[in-house]
Amino acid sequence: MADKIEITLDGRKILVEPGTTLLEAAEAQGGRIPTLCNDRRLEPYASCWVCLVKVEKAKGFVPACSTRAIPGMVVSTGSPDVLAARRMALELLLSAHYGDCKAPCTLTCPSNIDIQGYIGLAANGRFAEALALIRRDNPMPATIGRVCPHPCETACRRGLADEPLAINGLKRFVADLEALAAPAAGAAKAAARPDSTGRKVAIVGAGPAGLAAAHYLLAEGTAVTLLESMEKAGGMLRYGIPDYRLPPAVLDAEIAAILDRGAELRTGVTLGKDVSLEELRGRYDAVLLAMGAWSGRALRVPGEDNPSVLSGIDFLRDVNAGRAARVGRRVAVIGGGNTALDAARVSLRVGADKVFVFYRRTRDEMPASPAEIDEAMEEGVEFTYLAAPVSVEASGGRLSAVRLLRMELGEPDSSGRRRPVPVAGSEFTVPVDTVISAVGQYAEIRYLETAPGLVDEKGNMKGDPLTGITPVPGVFAAGDLLTGPDIAIRAVAGGKHAARAILAYFEGGTYGRPVEFLSKKDDFRKPTAEDFSGTPKVPREKRKAVEPGIRKRDFREIESGFTGAQALSEAARCLECGCQDVGECALKRHGQDYQAVATRFLGDIGAHPVDESHPFIRRDPSKCVLCGRCVRICLEVRGIGVLGYMYRGFSSVVAPSFGVPLGEDKSCISCGQCVSACPVGALTEKMPKGKTAPLEETVEEGVCALCSVGCGIEYRRHGGLLTRVTERWDAPNHGKLCAKGRFGHAFLNEAVPSSALDAAGNPLDREAAKKVLDGLLRGAKRPLLRLSADLCRETLEAFLEAARRRGIPAEAYGLSDLDPRWADLAAVGTVGAQHGQAGGLCLIVGDLAASHNVAFTEAYRMRKAGFSGLWICGHGDAVARRVADRVFPGAEGIAEAMETALADGRSLEVLSAPEALLRSLGKAGESTALAALGKAAASGRARITLYWSGRNGGFLFPLLSRDGRTPKPTAAEADLLLDVGVKDGTVKGRRVVWANRGEEAALYLPLGHDAWIRGTSIVSGRGSISLGKVDAGSVTCSLFA
Amino acid sequence: MSNRAEIAVGMSSCGIASGARVVFDVLSRETARRKLPYAVVATGCIGACHREPLVEVRGADGTRRLFGDVDEAAAVRILDSLGGAPSGLEENLIPPDAPFFARQRRIVLANCGSIDPESIDEYVAHAGYTSLRKAVTSMSPEQVIEEIKASGLRGRGGAGFPTGMKWGLSRAVKGAKKYVVCNGDEGDPGAFMDRSVLEGDPHAVIEGMAIGAYAIGADEGYFYVRAEYPLAIKRLVKALAQAEERGFLGDRIFGSAFCLRLHIKEGAGAFVCGEETALMASIEGRRGMPRLRPPFPSEKGLWNLSTTINNVETFANVASILRMGGAEFAKLGTAKSKGTKVFALAGKIRRGGMVEVPMGMPLREVIYDIGGGIRGEGKFKAVQMGGPSGGCVPESLIDVPVDYDSLTATGAIMGSGGMVVMDDSTCMVDVARYFLAFTQNESCGKCTFCRVGTKRMLEILERITQGKGREGDVEALEDLAQKIRVSSLCALGQTAPNPVLTTLRYFREEYEAHILRGECPARRCKALIRFRVDAARCTGCTLCSKACPTKAISGERKKAHVVDQGKCVRCGLCFEKCRFHAIEIRTGKDAC
């Protein structure tokens, strides 16, 4: 070992090993230098230049990842010029990184609900997880799922392809599903009440803002008192929205869930009348004002004081409160918002024959949601656009007509909408007997002027609409009171943020909405319909609605929810706009750290279509930062080279050879190594048979149980959903995985039937199942137990033991064609071997690259590191020729290679996979290989490691192949097959199947996932390892034993 | 000097492009028919490219007469005049004391245009391979390196690294196998020195390379020559075969233990492959992308073995140095820049071509005395040195001596020797845009600042030349340029901003005129100019309206014409056609 060398890093003298890079040196000192292109599995490359540092006397900056320390080097990693240059590197990369960190739906939602996340969960049938995710940002999903005009759907990119996703309908579906499953429970019951902090908050107004704030305050142990002037809680949701849109029972349940967490509700209490703000401030630690905006604006036309001119919001409140609310036979509604439409439709339901809506602009400018306009029209409401009232006429005190003036659209006003301009001489009269004015609402809060600074000169509430913080310490505001009339989810969001602001106030801090660094396509080029021309059209699922003729006479809910099947197929329509890598993206992280401005350099973006051709890997070249990690890992680590650079300069792209779609590149082995190397979302994984969604994950360490290599892996889950499997830096894989390990665990997302099933698929209870099994066993003359080597050792042993007792012969499924002599070598192979004995020679027999790629790649790694030589025999494709020192193709090559290797004199490490060898070279080749390997084993100089496709092949095969005493029938001869873990679609009829999912059989018995991924395993070259406990007694259901 | 009578035709690419092949054929045919005692031979680039095709008549008595602009008729006249006084050739005769040649000092180009590049005999007759023989038979590698060090030779590829020192470093590397590489990937627009030397005197390069190989201890080497130089490759292939046949290459050269095998690798034309690490990647069969140095090629080069890379012109100096002695060579040039430098003189210059001058000659002498100054009516504005990696030297600095360090101080560089002369009709913003477009297009795409940064700079420059410049653009350009310079992996990126930086340094007001006043002072940027007819001067000859491709000019015969600005595409044809200076180009406020 050479002496350490001294360098000066940011003013401190430190000692490092020779060959250490500056990045490693800084990391060892606890410093963080950002990087995108560096990967410890690869040689330094210096392409991203995000890690640049300053070295004294060097020309320009140097990349820390590839600059090795030399004695006396003086390095500065954090000077202002270095930071500015790094920031520019990030901004340059961001200027050509065309992608959305988060989906437009989520960003548009006022409460930023993780829409893509819950849609993804719903698409995977994880409805409970979906609901929990919604609740994080919205405690009233069933309510909002009915009333929301869903700006998210307007923003939905699917709308560019065909129709937007029915986001709100899906929200309602998962919320209703829970309510149906446990009507009395609700999620709040389950939620434990946190310890009280002793703080008390008064919330004035139990509408959506107040209720949401209560929910989030209660969750943190704050005591909450809700003061409500009406009889019941709910605010605008209860008294402003008609029952046909929101049944009271739905609202009641959600309010109950919030109150059940311990809020005190005092109804019939009005601020400014029954209690003053000063009193509340005295009694509580903080006050949240959320009284809403309940005063209707005046029409400001002559005749308005007629008692038959009603305020829209008052009218709705009276109807909703069950008070008498009469309208005449002909009703004119003035206005174009949701209150106007609700008033019009309610008028029909309380007895009007004819209802007109007059709006001074056109339908395009109407604030009401288009769906509601359509529904109102279906119900017979007549719309007149470009008309404004000039007077209300009366005869004999009774309202007789409304006079209106035609308008035309002029120049846009401050709201961006074109201003209506009267057309001279265009007056007309419509005979009506009731006029409902719905031209706007405001909050009447003059009574709060006693608290200085709370009300501005126009009579509006003062405060920050983003946080609810008002100029008066300890007083907060939220909802329509603060923002003016707006949609319910904005009030919910306001309540949520106000709650956080209050909690921060208690801690003595201030609160601001978190600013997240986000890359957005819209900042560079808004996606167009053309971008989605290749997206297959799938129509939006339609929900059932009550016929207009029937519904307009009562207050029953109009729309029903989705069915389960509809929900699944609707959720599957999601285009997954938000980046899969949002949680791990290094560009996003560094962008945030360096306060990069993604839009600093606007120019060409080089957008490319997303490549979805590969079953497991999604390639989005528009997000690629050209770091080259995927290119290098594929070539340098795997020896394959599927991905490479194309073109030059700014046009450079990383793509498979000749630009073919990744899925069509035959050389790709789907190991997903490129995905794991990609620092951004240009390469992401697709979970087989499921929808991917960027979700928060829990991480559980494990060992891959899908073959005998035994790679270190991480199971990543969100709730019960396995989202991904990623690699660990464990022996023997050192950060590598193969296709099986990374993508082969999707079966864990399939539900295991919980009970036994008969031949017709009917569930059987334990007793019935036992009867069927006993009957089958009694009737069988030549039964055969077939065991899958994929299962854990405990399971295998339990079945073997039971079979022995009953005298039933057993075979290792899929291994019976192998020559029994492998068993002798297997014994050799289980002795703890490690690849690449220093100075030795590693000899691969057969196409290990195809069957056990990680083992193969590890041998290649040792060879590249100069640790051992690498020969490949019995096989000789292009990859073999590229990576090996010598190649001996064909069966005859095995004997030749082995003899040459033994003559070579070096110590010998032999790696082979019996099943793969038999498959590719046949019986003769197997025989040749066995003879050669036997010779090598006998020489005493070779260590032989055998790899099996089943994780316990090394255990099961020697055990059963040596068991020559029991005469075994073949599968064809047997009259009853007892298949454990065996999925054999070719055999029908008399089978008993223990599996993790249904198979055609006389009897199915459940076998949990654990038997595949836990328990004891024989790992090639390392012996026995335990992957966690498996109850062998339960897996056999005690029936067979 | 050759003793036989010859008629030599300059048959480099430049000559062939000007029609030398036809001239050669006529001369061969007619000489044979007339049974004249002359051999018609092809030779390399004679240098005076502005007068191609060139023919030199070399009498057996040693007399030489050089003719330029030779067409078929002139060729026949040349034969007619043999033995007598030239008649009707006054226009074609280029006297040996013509200013173009008088001020040059030819070392690298000594044989170029003089000998038949396809004949090893001629090279040998001109003392060819004597230096190699001397080196391998009577000098130790260390002595060779000392001699080169004494000469002060610096790399002619652009960076100017001392050659002797480079060889010394390579020599010191332990290892059984070493490579030597000749970089012939000349890629600068407007540069053709290496091509001319390879086409005109390939053996000189081979000999220099062999001496280098001997000095460092290499036994194998590569010529990396771009495939766009087919003639150079053809002559190199032939020269290598001849040298091997003579035993100047191969095993036991001149009976010594020194062995050398040289191969040719044709580059596919990526500019970045002129960068040594990218060049090596290309030879190895990988994508030509640079990597970080260190390790330098002398340490880890081709296939991780020690490799020494020198430019064509560098190697072309070596044999001469051993012949004349390092100390003698060092007498030429300045304190830190020794010897001569070959330049490709191009652009708005009266006498363009390939010239070789002693280091330290003032730029003014190169441009005015040798080049004859500006061609046409324009006024000298600047000279672009060193191609896309270089910069513009303005008129005020025209007395700068051409040596490595003086040029670097101006913000330009010596580079490989491209010298593009520009007059006042050249828009400096457009020049910067042009060179940046080149580097952006030729960036390998590996590192961020070069790949994206130069693209963003280019977009800003495009914006400015299209009249869409904004305030802050100049500052953004400067910020980008400064950071790209210090944060790029290889010289391509590090020097890419140079054309912008030097034009900003010397012509900042031109940028400002574009951005702030919508004005292109050189009247070049189409978006900022308008063609108008000066009614007072227009005679109504209709030449302009006939020439206009978009029918934008109308008017009655003998009456003043008018340009329809809506239809005008600002091609400038009318301006060129008008004989009365009646078409004006207006820019900025005047254009409205």
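For the structure given in this document, a descriptive report is provided here. (Residues numbered from 1 in each chain as written. Chains lettered and ligands numbered in written order. Predicted model: local features only at pLDDT ≥ 70, side-chain atom pairs only at ≥ 80, totals over all residues. Heavy atoms only, no water.)

## Re the overall build of chain B
Okay, step 1: Scanning chain B from terminus to terminus reveals 23 helices and 18 strands.
Okay, step 2: On C-alpha atoms alone, chain B measures out to a radius of gyration of 26 Å, which is about the 25 Å that the 2.2 N^0.38 rule sets for 592 residues.
Okay, step 3: Dimensions of chain B, computed from the C-alpha atoms along their principal axes, are close to 85 × 65 × 40 Å.
Okay, step 4: Within chain B, the fraction of its 592 residues that count as buried is 60%. (Helix = DSSP H or I, 4+ residues; strand = E, 2+ residues; numbered from the N terminus. Rg over C-alpha atoms; globule rule 2.2 N^0.38 Å. Buried < 20%, exposed > 50% of the residue type's maximum accessible area, 1.4 Å probe, protein only.)

## Things to note about the pairing of strand S15 (residues 529–533) of chain B
Residues and elements named next belong to chain B.
Okay, step 1: A one-sided burial pattern is seen for S15, the buried positions being Ile 529, Phe 531 and Val 533 and the unburied ones Arg 530 and Arg 532.
Okay, step 2: Both S15 and strand S18 (residues 583–587) contribute to a ladder of five bridges, which runs antiparallel. In the strand pairing of S18, Ile 529 is matched with Thr 587. (Pairing = 2+ DSSP bridges.)

## Some remarks on the nonpolar core
Okay, step 1: The biggest cluster of nonpolar side chains holds 216 residues, and the ones touching the most others in it are A:Leu22, A:Met898, A:Trp994 and B:Tyr511.
Okay, step 2: Both domains that meet at this core, namely domain 2 (127–329) and domain 4 (428–517) of chain B, each give it at least three residues.
Okay, step 3: Setting aside chain neighbours within four positions, we find A:Met898 in contact with A:Leu843, A:Val845, A:Leu908, A:Val910, A:Ala932, A:Leu933 and A:Ala936. (Core = buried A, V, L, I, M, F, W, Y, C linked by side-chain atoms within 4.5 Å. Domains from an automatic or database assignment. Contact = heavy atoms within 4.5 Å.)

## What to know about the packing of helix H2 (residues 80–95) of chain A against helix H18 (residues 448–465) of chain B
Okay, step 1: The N-to-C vectors of H2(A) and H18(B) enclose an angle of 70°; their axes lie 9 Å apart at closest approach. It follows that H2(A) is roughly perpendicular to H18(B) by the angle criterion. Here H2(A) and H18(B) pass one another in a crossing that is left-handed. Note on element contacts: H18(B) touches H2(A) through B:Thr448, B:Phe449, B:Arg451, B:Val452, B:Gly453 and B:Arg456, opposite A:Ala85, A:Met88, A:Ala89, A:Leu92, A:Leu93 and A:Ser95. (Axes fitted to C-alpha atoms, helices over the stretch in contact; angles between N-to-C directions. Parallel < 35°, antiparallel > 145°, perpendicular 65-115°, else oblique. Left-handed = near helix turned anticlockwise from the far one by under 90°.)

## Brief notes about a nonpolar patch on the surface
Residues and elements named next belong to chain B.
Okay, step 1: Taken together, the side chains of Phe 161, Met 165 and Leu 169 define a hydrophobic patch exposed on the protein surface, amounting to about 280 Å² of accessible area.
Okay, step 2: Turning to its location among the elements, Met 165 is positioned in helix H8 (residues 163–172).
Okay, step 3: With relative accessibility at 43%, the residue Met 165 sits in the partly exposed group. (Patch = residues over 30% accessible without salt bridge, like charges linked within 9 Å, V, L, I, M, F, W, Y side chains within 5 Å. Areas by Shrake-Rupley, 256 points an atom, 1.4 Å probe, with all protein chains shown as cover. Salt bridge = Lys/Arg side-chain N within 4 Å of Asp/Glu carboxyl O.)

## Quick notes on the interface of chain B and chain A
Okay, step 1: Opposite the 29 residues of chain B that make contact, chain A presents 34 residues.
Okay, step 2: With both sides pooled, the region where chain B packs onto chain A buries about 2,500 Å², and carbon together with sulfur makes up 61% of that total.
Okay, step 3: Contact with chain A buries surface across chain B, with B:Lys446, B:Arg451 and B:Arg456 losing the most and accounting together for 22% of the total.
Okay, step 4: Across the contact surface, chain B and chain A share three salt bridges.
Okay, step 5: The interface formed by chain B and chain A contains 13 residue pairs in polar contact (both at pLDDT 80 or more).
Okay, step 6: Elements supplying a minimum of two residues to the side of chain B that touches chain A: helix H17 (428–442), H18 and helix H19 (473–486) of chain B.
Okay, step 7: With eight residues, H18(B) is the largest single contributor of residues to the side of chain B that touches chain A.
Okay, step 8: Taken together, the residues that form the side of chain B that touches chain A break down as 10 nonpolar, 10 polar and nine charged. (Buried area = accessible area lost by both parts, 1.4 Å probe. Polar contact = N/O pair within 3.5 Å; in protein donor to acceptor, adjacent residues only side chain to side chain. Nonpolar A, V, L, I, M, F, W, Y, C, P; charged D, E, K, R; others polar.)

## Things to note about the sheet that holds strand S33 (residues 841–845) of chain A
Residue and element names in this part refer to chain A.
Okay, step 1: In space, the five strands of this open sheet follow the order S35-S34-S33-S36-S37, with parallel pairing throughout. On the outer flanks of this sheet lie strand S35 (886–888) and strand S37 (942–946), each paired with one strand and no other. Adjacent strand axes in the sheet meet at a mean angle of 20°, parallel and antiparallel pairs treated alike.
Okay, step 2: Pairing between strand S36 (residues 908–912) and S37: five bridges, direction parallel. What sits directly across from Leu 908, in S37, is Ala 942.

## Some details on the pairing of strand S7 (residues 220–226) of chain B
Residue and element names in this part refer to chain B.
Okay, step 1: In terms of burial, S7 is largely enclosed, as seven of its seven residues are buried.
Okay, step 2: Every second residue of S7 is oriented toward a common face, with Glu 220, Tyr 222, Tyr 224 and Arg 226 on one face and Gly 221, Phe 223 and Val 225 on the other, all of them buried.
Okay, step 3: Pairing between strand S6 (residues 178–184) and S7: six bridges, direction parallel. Each residue of the ladder has a partner; that of Cys 182, found in S7, is Phe 223.
Okay, step 4: Sheet topology note: the S7/strand S8 (residues 261–267) ladder contains seven bridges and is parallel. The residue bridging Arg 226 from the neighbouring strand is Gly 267, located in S8.

## Considerations on the sheet that holds strand S8 (residues 264–267) of chain A
All names here are of chain A.
Okay, step 1: Taken together, five strands build an open sheet; the order of strands is S8-S7-S6-S9-S21 and the sheet is parallel. Each having just a single partner strand, S8 and strand S21 (475–477) make up the two edges of the open sheet. Recorded for the sheet is a direction-independent mean angle of 20° between the axes of neighbouring strands.
Okay, step 2: The pairing of strand S6 (residues 200–204) with strand S7 (residues 223–228) spans five bridges and is classified as parallel. Within S7, the residue paired with Ile 203 across the bridge is Leu 226.
Okay, step 3: Packing of helix H11 (residues 208–219) onto the sheet brings it into contact with S6, S7 and strand S9 (286–289), and relative to S7 it is tilted by some 165°.

## Some remarks on helix H9 (residues 193–200) of chain B
Okay, step 1: For H9(B), the tally of buried residues reaches eight of eight residues, placing the bulk of the element in the interior.
Okay, step 2: For H9(B), the set of buried residues is B:Met193, B:Asp194, B:Arg195, B:Ser196, B:Val197, B:Leu198, B:Glu199 and B:Gly200.

## Regarding the side chain of B:Asp403
Residues and elements named next belong to chain B.
Okay, step 1: Its location among the elements puts Asp 403 in the loop between strand S13 (391–394) and helix H16 (404–410).
Okay, step 2: This buried residue, Asp 403, is left without a salt bridge; Arg 154 holds the nearest opposite charge, at 6.7 Å.
Okay, step 3: Beyond its immediate sequence surroundings of up to four residues, Asp 403 is in contact with Thr 334, Ser 337, Met 359, Gly 360 and Met 414. (Lys, Arg positive; Asp, Glu negative; His and termini not counted.)

## Points about the state of the cysteines
Okay, step 1: Applying the stated criterion across every chain yields a total of zero disulfides over all chains.
Okay, step 2: Sulfur of A:Cys627: no disulfide; nearest cysteine sulfur belongs to A:Cys630 and is 6.2 Å away.
Okay, step 3: Cysteine B:Cys548 is unpaired, with the sulfur of B:Cys571 as its nearest cysteine sulfur at 6.1 Å.
Okay, step 4: By relative accessible area, which is 11% here, B:Cys548 ends up buried. (Disulfide = S-S within 2.5 Å.)

## Regarding the pattern of salt bridges
Residue and element names in this part refer to chain A.
Okay, step 1: Applying the stated criterion across every chain yields a total of 122 salt bridges over all chains.
Okay, step 2: One salt bridge connects Arg 618 with Glu 576, and the closest N-O pair in it is separated by 3.2 Å. Taken together, the residues span a long stretch of sequence, with Arg 618 in strand S22 (residues 617–619) and Glu 576 in the loop between helix H21 (564–571) and helix H22 (586–593) at a distance of 42 residues.
Okay, step 3: For Arg 618, a relative accessible area of 13% translates into the label buried.
Okay, step 4: Accessibility expressed as a relative area gives 14% for Glu 576, which makes it buried.
Okay, step 5: Note that Asp 979 and Arg 786 form a salt bridge whose closest N and O atoms lie 2.7 Å from each other. In this pair, Asp 979 sits in strand S38 (residues 976–980) while Arg 786 sits in strand S31 (residues 783–787), placing the two residues 193 residues apart along the sequence.
Okay, step 6: A single salt-bridge network, built from bridges that share partners, covers Arg 245, Asp 342, Arg 345, Arg 349, Glu 372, Glu 375, Glu 378, Glu 379 and Arg 551.

Function-wise, these values are silent; they only describe arrangement.
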